[in-house]
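Chain by chain, the residues run as shown.
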Amino acid sequence: QVQLVESGGGLVQAGGSLRLSCAASGKIGSVNTIGWYRQAPGKQRELVATISSGGSTKYASSREGRFTIYRDNAKNTEYLQMGSLKPEDTAVYYCYANIRSMTSSRPFNYWGQGTQVTVSS
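Trainee: Hey, could you run me through the sheet that holds strand β1 (residues 2–7) in this one?
Mentor: In any sheet, the strands associate via hydrogen bonds between backbone groups, in a parallel or an antiparallel arrangement. The strand order across the open sheet formed by four strands is β1-β3-β8-β7, and the pairing between neighbours is antiparallel. What marks the edges here is a single partner per strand, and that holds for β1 and β7 (67–72). Each neighbouring strand pair of the sheet contributes to a mean axis angle of 15°, computed without reference to strand direction. Where strand β3 (residues 18–26) meets strand β8 (residues 77–82), six bridges bridge the pair, whose relative direction is antiparallel. Opposite Arg-19, over in β8, you have Gln-81 as the bridge partner.

Right, dumping it as C-alpha coordinates:
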(Lines give C-alpha, C1' and ligand atoms only; values in the text may rest on other atoms or scores of the structure.)
Protein backbone atom coordinates (compact mmCIF):
# COMPACT_ATOMS: atom_id res chain seq x y z
CA GLN A 1 0.00 0.00 0.00
CA VAL A 2 1.03 3.59 -0.61
CA GLN A 3 0.40 6.33 1.91
CA LEU A 4 0.91 10.07 1.91
CA VAL A 5 1.50 11.78 5.23
CA GLU A 6 1.37 15.54 5.49
CA SER A 7 2.87 17.86 8.05
CA GLY A 8 3.62 21.52 8.59
CA GLY A 9 0.25 23.18 8.84
CA GLY A 10 -0.71 25.56 11.61
CA LEU A 11 -1.64 29.09 12.56
CA VAL A 12 0.32 32.00 11.16
CA GLN A 13 -0.19 35.74 10.95
CA ALA A 14 -0.85 37.47 7.66
CA GLY A 15 2.40 38.06 5.83
CA GLY A 16 4.02 35.05 7.42
CA SER A 17 5.35 31.83 5.95
CA LEU A 18 4.76 28.12 6.31
CA ARG A 19 6.23 25.04 4.71
CA LEU A 20 4.09 21.99 4.15
CA SER A 21 5.59 18.55 3.62
CA CYS A 22 4.10 15.39 2.19
CA ALA A 23 5.99 12.12 2.43
CA ALA A 24 5.04 9.07 0.42
CA SER A 25 5.71 5.63 1.83
CA GLY A 26 5.00 2.06 0.92
CA LYS A 27 5.84 -0.10 -2.05
CA ILE A 28 6.54 2.74 -4.44
CA GLY A 29 7.58 1.96 -7.95
CA SER A 30 7.58 5.41 -9.50
CA VAL A 31 6.22 8.84 -8.64
CA ASN A 32 4.85 11.00 -11.42
CA THR A 33 3.12 14.35 -11.03
CA ILE A 34 2.59 15.50 -7.44
CA GLY A 35 0.85 18.52 -6.12
CA TRP A 36 -1.24 20.37 -3.62
CA TYR A 37 -4.90 21.30 -3.49
CA ARG A 38 -6.79 23.20 -0.84
CA GLN A 39 -10.34 23.49 0.35
CA ALA A 40 -11.72 26.39 2.32
CA PRO A 41 -14.97 26.08 4.31
CA GLY A 42 -17.96 26.13 2.02
CA LYS A 43 -15.83 26.10 -1.11
CA GLN A 44 -14.75 23.51 -3.63
CA ARG A 45 -11.31 21.98 -3.56
CA GLU A 46 -8.99 23.99 -5.78
CA LEU A 47 -5.56 23.57 -7.28
CA VAL A 48 -2.62 25.20 -5.56
CA ALA A 49 0.36 23.85 -7.49
CA THR A 50 1.73 20.79 -9.21
CA ILE A 51 5.16 19.56 -10.21
CA SER A 52 5.90 16.88 -12.76
CA SER A 53 8.49 14.15 -12.45
CA GLY A 54 10.68 16.25 -14.70
CA GLY A 55 10.37 19.31 -12.49
CA SER A 56 7.89 21.37 -14.49
CA THR A 57 5.69 23.40 -12.19
CA LYS A 58 2.21 24.80 -12.50
CA TYR A 59 0.58 27.25 -10.12
CA ALA A 60 -2.87 28.68 -9.71
CA SER A 61 -2.51 32.33 -10.71
CA SER A 62 -3.20 33.77 -7.27
CA ARG A 63 -0.46 31.63 -5.72
CA GLU A 64 2.29 32.13 -8.27
CA GLY A 65 5.10 34.17 -6.83
CA ARG A 66 4.05 33.53 -3.24
CA PHE A 67 4.13 29.74 -3.18
CA THR A 68 6.85 27.38 -4.33
CA ILE A 69 6.39 23.68 -4.90
CA TYR A 70 9.38 21.36 -5.01
CA ARG A 71 10.20 17.74 -4.50
CA ASP A 72 12.95 15.54 -3.15
CA ASN A 73 12.78 12.39 -5.25
CA ALA A 74 15.27 10.54 -3.09
CA LYS A 75 12.97 10.96 -0.09
CA ASN A 76 9.69 10.63 -2.02
CA THR A 77 8.69 13.89 -0.41
CA GLU A 78 7.07 17.01 -1.79
CA TYR A 79 7.01 20.43 -0.25
CA LEU A 80 4.97 23.58 -0.52
CA GLN A 81 6.73 26.72 0.67
CA MET A 82 4.15 29.42 1.27
CA GLY A 83 5.01 33.05 1.80
CA SER A 84 3.21 36.37 2.12
CA LEU A 85 0.25 34.47 3.44
CA LYS A 86 -3.15 36.08 3.41
CA PRO A 87 -6.29 35.29 5.42
CA GLU A 88 -7.88 34.01 2.22
CA ASP A 89 -5.22 31.31 2.10
CA THR A 90 -6.89 29.71 5.12
CA ALA A 91 -7.94 26.20 4.15
CA VAL A 92 -7.23 22.52 4.54
CA TYR A 93 -4.34 21.69 2.25
CA TYR A 94 -4.17 18.26 0.62
CA CYS A 95 -1.22 16.75 -1.15
CA TYR A 96 -1.62 14.24 -3.89
CA ALA A 97 0.71 12.10 -5.90
CA ASN A 98 0.32 10.02 -9.01
CA ILE A 99 2.18 6.87 -8.05
CA ARG A 100 2.68 3.49 -9.57
CA SER A 101 3.19 1.02 -6.78
CA MET A 102 5.42 -2.00 -7.10
CA THR A 103 2.35 -4.23 -7.17
CA SER A 104 0.51 -2.39 -9.92
CA SER A 105 1.00 -2.06 -13.64
CA ARG A 106 -0.49 1.44 -13.77
CA PRO A 107 -0.37 4.54 -11.58
CA PHE A 108 -3.09 5.85 -9.29
CA ASN A 109 -3.71 9.14 -7.55
CA TYR A 110 -3.14 9.04 -3.81
CA TRP A 111 -4.16 11.75 -1.36
CA GLY A 112 -2.90 12.89 1.99
CA GLN A 113 -5.18 13.33 4.98
CA GLY A 114 -5.09 17.11 4.81
CA THR A 115 -3.45 19.69 7.03
CA GLN A 116 -5.08 22.86 8.32
CA VAL A 117 -3.53 26.21 7.50
CA THR A 118 -5.03 29.22 9.26
CA VAL A 119 -3.87 32.74 8.49
CA SER A 120 -4.95 35.40 10.96
CA SER A 121 -5.33 39.04 10.00
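Trainee: Could you clarify how one ought to interpret the side chain of Thr-50 in this entry?
Mentor: Relative to the helices and strands, Thr-50 resides in strand β5 (residues 46–51). Overall, Thr-50 belongs to the buried group, its relative accessible area being 12%. Apart from the residues lying within four places of it in its own chain, the contact partners of Thr-50 are Thr-33, Ile-34, Gly-35, Ser-56, Thr-57, Lys-58, Ile-69 and Tyr-96.

Trainee: Which parts of the structure should I look at to understand the state of the cysteines?
Mentor: Here is the idea: a disulfide is a covalent bond, and it sits between the sulfur atoms of two cysteines. This model, assessed by the stated rule, comprises one disulfide. The partner cysteine of Cys-22 in its disulfide is Cys-95, sulfur to sulfur 2.0 Å. Disulfide Cys-22-Cys-95: torsion about the S-S bond near 50°, hence right-handed. With Cys-22 in strand β3 and Cys-95 in strand β9 (residues 91–101), this residue pair connects regions lying 73 residues apart in the sequence. By relative accessible area, which is 2% here, Cys-22 ends up buried.

Trainee: Help me understand the pairing of β1, please; the structure alone is not making it clear to me.
Mentor: Each regular strand carries side chains that alternate between the two faces of the sheet. Going residue by residue along β1, you find Val-2, Leu-4 and Glu-6 tucked away on one face and Gln-3, Val-5 and Ser-7 left uncovered on the opposite face. For β1 and β3, the ladder comprises six bridges, and the chain directions are antiparallel. The partner of Gln-3 across the bridge, within β3, is Ser-25.

Trainee: Even after reading the chapter, I still don't get the pairing of strand β10 (residues 108–111), so can you show me in this structure?
Mentor: Where β9 lies against β10, four bridges are found, and the strand directions are antiparallel. Counterpart to Tyr-96 in the pairing with β10 is Trp-111.

The rules behind the values
- Residues numbered from 1 in each chain as written.
- Predicted model: local features only at pLDDT ≥ 70, side-chain atom pairs only at ≥ 80, totals over all residues.
- Heavy atoms only, no water.
- Pairing = 2+ DSSP bridges.
- Helix = DSSP H or I, 4+ residues; strand = E, 2+ residues; numbered from the N terminus.
- Axes fitted to C-alpha atoms, helices over the stretch in contact; angles between N-to-C directions.
- Buried < 20%, exposed > 50% of the residue type's maximum accessible area, 1.4 Å probe, protein only.
- Contact = heavy atoms within 4.5 Å.
- Disulfide = S-S within 2.5 Å.

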